[in-house]
Amino acid sequence: MTSPNDNSKDLNNDGNEVDKNTSEKQQNGLLAGIIERATKSGIGRKKLNPSAVESAVAKNMAEIHSNPTKLRLAFLGGGSFGTAMANLAARNGCDTTLWVRNKRTVKAMAKTQTNKKYLPGYKLDDRLKYSHDLEATVKDKDIVFIAVPGLAFRETLKNIAPFISAQSIVSLTKGMEKDTFATMSDIIKDELPEVNFGVMSGPNLAIEIMKNMPSATVIASESEPLRHAVQAALHSAFFRVFASDDVKGVELGGALKNIYAIAMGMAAAYEVGENTKAMILTRALAEMSRFGVEEGANPLTFLGLSGVGDLYATCSSELSRNYRIGNMLGRGMTIDAAVKKLGQTAEGVNTIQQVHEKATKKGIYMPITHALYAVIYEDKAALGVALHLMEAGFRSDVEFVMAHDHSNAALTAHMQTSTNSAEDDNEDSDVDNK
């Protein structure tokens, strides 16, 4: 038998492989040029050495593939995404335990190797372990992935705090904490201030991942070793894991896109055309990047997987919980009835309220978000609010390229005036009818 290194030597002597290497060098040169231009533009937060980037990526990815480390991982939360990620890690050979709160559910999953509630019909890897014992699950692990709903995130961190020694924490949860506007990384810093942490986000519909449909995600952390460890644990032939150091941007992309999935679901209920859908998507991206910059994120992050990638996937798929909520709202259901029928957490409902309040306070122009807030929390008619949006002001197309001539305050005033006019018309009509 020959070793991989021997095969590499033989291939290097082959003329076809020389052409391939030349092509790869040209691609790397192109990548270096793009990075160099972006660096010189001053948009990036840090100066990058293109050669060092190429060299580091090549070296680290080679190590990941040639030395598959037996990482010890814990996944907390037996929902669809937490289960799918735990299954990926187990399939990659990592020592992986999936924690679920309910003991009966754990026994059922261990017996059937399926998650009947969230991923029915999909067989999980035989090597995946299950537990309802939080201490035993977390202790002596390398990385603890947290995939519980946002409402339970802080409580979960408090519960595992006594068992944390040298473990790293990675959040798989998208959204913001109710009443505090804290992102999951903010909560990690509050509850476990000494811990090494990261966040993961992207266009990651769990069922598609279980079907081995090619997908990708982003791991964001200031810790390079943690980024590489997550890549080693989850990277596979059908699932690519990209890296970022913009924790805030990646996290906000994953949280904010839920708002616009609700908007798109409502639009679909009205059977809008492709032009309308395209307009909603692009203006949603403008809102996301505008809000992200105010919160300290890099605007370029929103052009990646955790921004426009996740936005597109969530806004175009009926698998999305937030899309389904929006669709039910568009068909006349109340928010309480829609949430009850869904039977799962739709993070976007809470996020709309949080972002509306913060954007209003800071004067950030967020017309779609404000419109959704008016529909859901102020009982305004969706079609009427949409028409007011179309009438409101003029904006430049691409954010950060041209100055805008209308403020958020102007939009609010316009919508209020339109609403008052409509109410006056209704009153006059009532008088005429008497």
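Residues numbered from 1 in each chain as written. Predicted model: local features only at pLDDT ≥ 70, side-chain atom pairs only at ≥ 80, totals over all residues. Heavy atoms only, no water.

With that settled, consider the overall build of the protein. Across its full length, the protein holds 19 helices and eight strands. The 434 residues of the protein split such that 48% are buried. Approximately 22,300 Å² of the protein is accessible, and the part contributed by carbon and sulfur atoms is 53%. (Helix = DSSP H or I, 4+ residues; strand = E, 2+ residues; numbered from the N terminus. Buried < 20%, exposed > 50% of the residue type's maximum accessible area, 1.4 Å probe, protein only. Areas by Shrake-Rupley, 256 points an atom, 1.4 Å probe, with all protein chains shown as cover.)

Here we take up the pairing of strand S2 (residues 95-99). With four of five residues buried, S2 is to be regarded as a mostly interior element. As defined by bridge partners, strand S1 (residues 72-76) adjoins S2 across five bridges and the pair is classed as parallel. Across the sheet, residue Leu-76 finds its bridge partner in S2, namely Trp-99. In this fold, the crossover linking S1 to S2 by way of helix H4 (residues 80-91) has right-handed handedness. What joins S2 to strand S3 (residues 129-131) is helix H5 (residues 103-112), and the crossover it makes is right-handed. (Pairing = 2+ DSSP bridges. Right-handed = clockwise from strand over helix to strand, strands pointing away.)

Once that is clear, we can look at the sheet that holds S3. What holds strands together in a sheet is hydrogen bonding between their backbones, with the strands either parallel or antiparallel. Strand order in the open sheet formed by eight strands is S3-S2-S1-S4-S5-S6-S7-S8, with mixed pairing between adjacent strands. Across the chains shown, the open sheet's two edge strands, defined by having one partner strand only, are S3 and strand S8 (239-244). Here the strands of the sheet are splayed against their neighbours by 25° on average, with no regard to which way each runs. Taken together, the three bridges between S2 and S3 define a ladder with parallel strand orientation. Across the sheet, residue Leu-98 finds its bridge partner in S3, namely Tyr-130. Helix H8 (residues 184-191) rests against strand S5 (168-171) and strand S6 (196-201) of the sheet, and its axis sits at about 165° to S6. Sitting on the sheet, helix H11 (residues 247-269) is in contact with S6, strand S7 (215-220) and S8, with an inclination near 40° to S6. (Axes fitted to C-alpha atoms, helices over the stretch in contact; angles between N-to-C directions. Contact = heavy atoms within 4.5 Å.)

Under the counting rule described, the total for this entry stands at 16 salt bridges. The partner of Asp-95 in a salt bridge is Lys-129, with the nearest N and O atoms 2.6 Å apart. Of the two residues, Asp-95 sits in strand S2 while Lys-129 sits in strand S3, which places them 34 residues apart along the sequence. Taking relative accessible area as the criterion, Asp-95 reaches 23% and is therefore assigned partly exposed. One salt bridge connects Lys-248 with Asp-186, and the closest N-O pair in it is separated by 3.7 Å. (Salt bridge = Lys/Arg side-chain N within 4 Å of Asp/Glu carboxyl O.)

Turning to the confidence of the model for the protein, a few remarks are in order. In this model, the protein carries a mean pLDDT of 82, and residues with pLDDT of at least 70 account for 75%. The model gives residues 1-50 a pLDDT under 50, and that stretch makes 25 contacts with residues more than four places away or in other chains. (pLDDT = per-residue confidence, 0-100.)

Here we come to the nonpolar core. Counting 46 residues, the largest nonpolar core has Leu-256, Tyr-260, Ile-262, Phe-291, Ile-325, Val-355 and Leu-372 as its most contacted members. Contributing elements (two or more residues each) for this core: H11, helix H12 (274-294), helix H13 (305-315), helix H14 (321-330), helix H15 (335-342), helix H16 (347-362), helix H17 (367-377) and helix H18 (382-391). It is H11 that provides the largest number of residues to this core, a total of twelve residues. (Core = buried A, V, L, I, M, F, W, Y, C linked by side-chain atoms within 4.5 Å.)

A word on the environment of Phe-181. Mapped onto the elements of the fold, Phe-181 is located in the loop between S5 and H8. The buried category is assigned to Phe-181, whose relative accessible area is 12%. Discounting residues that sit within four places of it in the chain, Phe-181 has contacts with Met-176, Asp-186, Phe-291, Glu-295, Gln-354, Val-355 and Lys-358.

Taking 1.5 Å of rise per residue, the 16 residues of H16 would be expected to cover 22 Å, and the 22 Å separating its terminal C-alpha atoms lies within 8% of that figure. Listed in full, the buried residues belonging to H16 are Glu-347, Gly-348, Val-349, Asn-350, Thr-351, Ile-352, Gln-353, Gln-354, Val-355, His-356 and Ala-359. Of the residues flanking the end of H16, it is Gly-363, one or two places downstream, whose phi is positive at about 70°. (Expected span 1.5 Å × (residues − 1).)

In this section: the packing of H12 against H13. In the contact formed by H12 and H13, the axes pass within 11 Å of each other and the chain directions differ by 135°. On the basis of the axis angle, H12 is oblique to H13. For H12 against H13, the interelement crossing comes out right-handed. Contacts between H12 and H13 involve Leu-281, Ala-284, Leu-285 and Met-288 from the former and Gly-307, Val-308, Leu-311, Tyr-312 and Cys-315 from the latter. Partitioning the contact of H12 with H13 into residue classes produces eight nonpolar, one polar and no charged. (Parallel < 35°, antiparallel > 145°, perpendicular 65-115°, else oblique. Left-handed = near helix turned anticlockwise from the far one by under 90°. Nonpolar A, V, L, I, M, F, W, Y, C, P; charged D, E, K, R; others polar.)

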